[in-house]
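Listed below are the residues making up each chain.
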Amino acid sequence: MVVISIGFYVCDYLYIVFTKRYYWWSFLCDVVFLFALYATVIAIDVDNPRSLPHNKVILLCYFIFLMVYLVWDAYEFLSLPQGKERDFYRSVVSWELPWLFVIGIFEIIALLWNDHFMISILTIIILSIVTIWFDSSSAECGN
């Protein structure tokens, strides 16, 4: 879980570094990302390897992260003229929407389901797929 989260937030950092426009509200988004990263690390509970991570908190952090990014990327998409950069943001938004839905639905399931071990396994699988997909999308940003 730690490796997945580090990979996800490193790609977030690179995504921000390669962003061409940085607005005043982008700083506020970055503050939300930092709080989400901090909460994710706390929820993983690396100091206590005998206990399972707090998956509901981790899923909520990823949900918030994707929601903020969706707003940011949708704004970029809607404000850009036709071209490659706008097409890039269209593909990013079309990636974010289904994964936001998947994580949101799984968060609801995790709240209702009491099998913490199975929730941990499914959280790792889902967030691994999200991270790999995010990494490949972020790599396109550098091209």
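For the structure itself, look to the data block above.
Residues numbered from 1 in each chain as written. Predicted model: local features only at pLDDT ≥ 70, side-chain atom pairs only at ≥ 80, totals over all residues. Heavy atoms only, no water.

Engineer: Break down the overall build of the protein chain for me, citing the residues and quoting the values.
Structural biologist: A count of helices and strands for the protein chain gives five helices and zero strands. Starting at the N terminus and ending at the C terminus, the protein chain contains elements arranged as α-α-α-α-α. In the protein chain, which comprises 143 residues, the proportion classed as buried is 41%. In the protein chain, 75% of the contacts between residues at least 6 apart in sequence involve partners at least 24 apart. When the accessible area of the protein chain is evaluated, it comes to approximately 8300 Å², of which 74% is carbon and sulfur surface. (Helix = DSSP H or I, 4+ residues; strand = E, 2+ residues; numbered from the N terminus. Buried < 20%, exposed > 50% of the residue type's maximum accessible area, 1.4 Å probe, protein only. Contact = heavy atoms within 4.5 Å. Areas by Shrake-Rupley, 256 points an atom, 1.4 Å probe, with all protein chains shown as cover.)

Engineer: Explain the packing of helix α2 (residues 24–44) against helix α3 (residues 55–79) residue by residue, including any values.
Structural biologist: When two helices pack together, you describe them by how their axes are tilted relative to each other and by the distance separating the axes. Where α2 meets α3, the closest approach of the two axes is 9 Å, and the angle between their N-to-C directions is 165°. Judged by the angle between their axes, α2 and α3 are roughly antiparallel. Between α2 and α3 lies a crossing whose hand is left-handed. Residue-level contacts link W25, S26, C29, D30, V32, F33, A36, A39, T40, A43 and I44 of α2 to V57, I58, C61, Y62, I64, F65, V68, Y69, W72 and Y75 of α3. (Axes fitted to C-alpha atoms, helices over the stretch in contact; angles between N-to-C directions. Parallel < 35°, antiparallel > 145°, perpendicular 65-115°, else oblique. Left-handed = near helix turned anticlockwise from the far one by under 90°.)

Engineer: Pulling in residues and values, what's your account of the packing of aromatic side chains?
Structural biologist: The geometry of an aromatic ring pair is captured by the separation of the ring centres together with the interplanar angle, meaning the angle of the planes. Going through the model one piece at a time under the given rule, you end up with 10 aromatic pairs. Relative to Y75, the ring of W25 has its centre 5.3 Å away and its plane inclined at 90°; by these criteria the two rings are edge-to-face. Note that W25 is positioned in helix α2 and Y75 in helix α3, a separation of 50 residues in sequence. Here Y75 falls in the partly exposed class, since its relative accessible area comes to 38%. (Phe/Tyr/Trp six-rings, centres within 6.5 Å; stacked < 30°, edge-to-face > 60°.)

Engineer: Please give an account of the pattern of salt bridges that cites residues and values.
Structural biologist: Counting across every chain of the model gives one salt bridge. Across the pair R90 and D87 runs a salt bridge, and its minimum N-O distance is 3.0 Å. A residue pair is termed a helical-turn pair when its members lie 3 or 4 positions apart in one helix, as R90 and D87 do in helix α4 (residues 84–112) at three residues. Looking at R90, the relative accessible area reads 39%, which means it is partly exposed. (Salt bridge = Lys/Arg side-chain N within 4 Å of Asp/Glu carboxyl O.)

The values are spatial; any link to function lies outside them.
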